[in-house]
Amino acid sequence: MLSSGSSISVAFGVASLAAAGTLAYATLSAQSQVFGRTLQAPPLPNQLALTFDDGPNPAATPRLLNILARRNVRATFFLIGDFVRLEPALTRQIAAAGHAIGNHTMTHPFLPRCSAARIRAELTGCSDILEATLGRRVTLFRPPHGALRPVVLRTARELGLETVQWNLIVGDWKPSVTTDGLLHTLEKGIAANRAAKRGTNVVLHDGGQASLGQPRLKTVEAVEMLLDRLAPDTVFVTPSAGGWG
Ligand SMILES: [Zn+2]
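Residues numbered from 1 in each chain as written. Predicted model: local features only at pLDDT ≥ 70, side-chain atom pairs only at ≥ 80, totals over all residues. Heavy atoms only, no water.

A. Region of interest: the coordination of the zinc ion. Protein coordination at the zinc ion comes from Asp54 (OD), His104 (NE2) and His108 (NE2), with a distance range of 2.0 to 2.1 Å. Along the chain, the residues donating to the zinc ion are arranged with the sequence spacing D-x49-H-x3-H. Here His104 and His108 have matching classes, each one buried. (Donors = N, O, S within 2.8 Å, 3.2 Å for Na, K, Ca; no water. Buried < 20%, exposed > 50% of the residue type's maximum accessible area, 1.4 Å probe, protein only.)

Structure follows, in structure tokens:
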């Protein structure tokens, strides 16, 4: 990593501090690749992956599905197993509309603080309830809060799950957000990624981990406005084991 040998002894002390910092960062950052490969964002600047976490949510998901269907947009939904169990028909409706579906654990814990056995149970439980509901195994996984540890990634791989993070997060779950504010943050983030010559994979929330029925209509309305204002060359993509398509 050192490009010159000029200050190696000094750099050593700095490097160990930096390594500790990197590790803390890697635990929480959705952009970090320190613990292994995850899917972050599609490669082409005009590609956009809309991803929705913490559903299914009867208070927001049906309206979101209508908005996406009217514009023929395919998105990705990372579902919480406990909510899938309560909302099997809505889960099937998401799949029937052609959207990609992923595992977002059974109960949405902070996985870096969980035992290896609990991590496995959370991932297996969600994959199993999705399979029982949809009749097929899912292959995508998003860790709650984007929080990883090597054992989380390893467990996901062993269960045939590709881990998907994001490169744009807009805080849409915060009670203080407004629809206009969300729209502005979304457009700014997508424009910044375009300027940096990469696509956007944005994490949004049609549900909330606390319970079914969380208010997420500001997110839904912001997405509707965004879809009507996006550049005409925008291509919607979803993640898969092979990348984006
Ligand atoms: Zn979540």
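B. Region of the structure containing unusual backbone geometry. Of note, the bond from Gly55 into Pro56 is cis; its omega dihedral lies within 30 degrees of zero at 0°. With respect to the helices and strands, the residue Pro56 is situated in the loop between strand S1 (47-55) and helix H2 (61-70). With phi around 60°, Asn72 is a residue other than glycine that occupies positive phi space. Among the structural elements, Asn72 can be located in the loop between H2 and strand S2 (76-79). The exposure class assigned to Asn72 is exposed, which follows from its relative accessible area of 72%. Residues other than glycine seldom take positive phi values, yet Lys197 does so here, at roughly 60°. Within the secondary structure, Lys197 is located in the loop between helix H7 (179-195) and strand S7 (200-205). (Helix = DSSP H or I, 4+ residues; strand = E, 2+ residues; numbered from the N terminus.)

C. Broad picture of the pattern of salt bridges. Evaluation of the coordinates by the stated rule reveals twelve salt bridges. Each of Arg70, Arg71, Glu224 and Asp228 takes part in salt bridges that share partners, so that together they form one network. (Salt bridge = Lys/Arg side-chain N within 4 Å of Asp/Glu carboxyl O.)

D. Structural detail: the side chain of His104. Along the chain, His104 turns up in the loop between strand S3 (100-103) and helix H5 (116-134). A polar contact of 2.7 Å, which involves the side chain of His104, links it to the backbone oxygen of Arg142. When neighbours within four sequence positions are excluded, His104 is seen to be in contact with Asp53, Asp54, Phe78, Leu79, Ile80, Cys126, Arg142, Pro143 and Pro144. (Polar contact = N/O pair within 3.5 Å; in protein donor to acceptor, adjacent residues only side chain to side chain. Contact = heavy atoms within 4.5 Å.)

E. Examining the pairing of S7 more closely. Burial analysis of S7 places six of its six residues in the buried class, the great majority of the element. What you see with S7 is no split at all: Thr200, Val202 and Leu204 on one side and Asn201, Val203 and His205 on the other are buried throughout. With six bridges joining them, S1 and S7 adopt parallel strand pairing. Counterpart to Asp53 in the pairing with S7 is His205. (Pairing = 2+ DSSP bridges.)

Shape is all these values report; function is a separate question.
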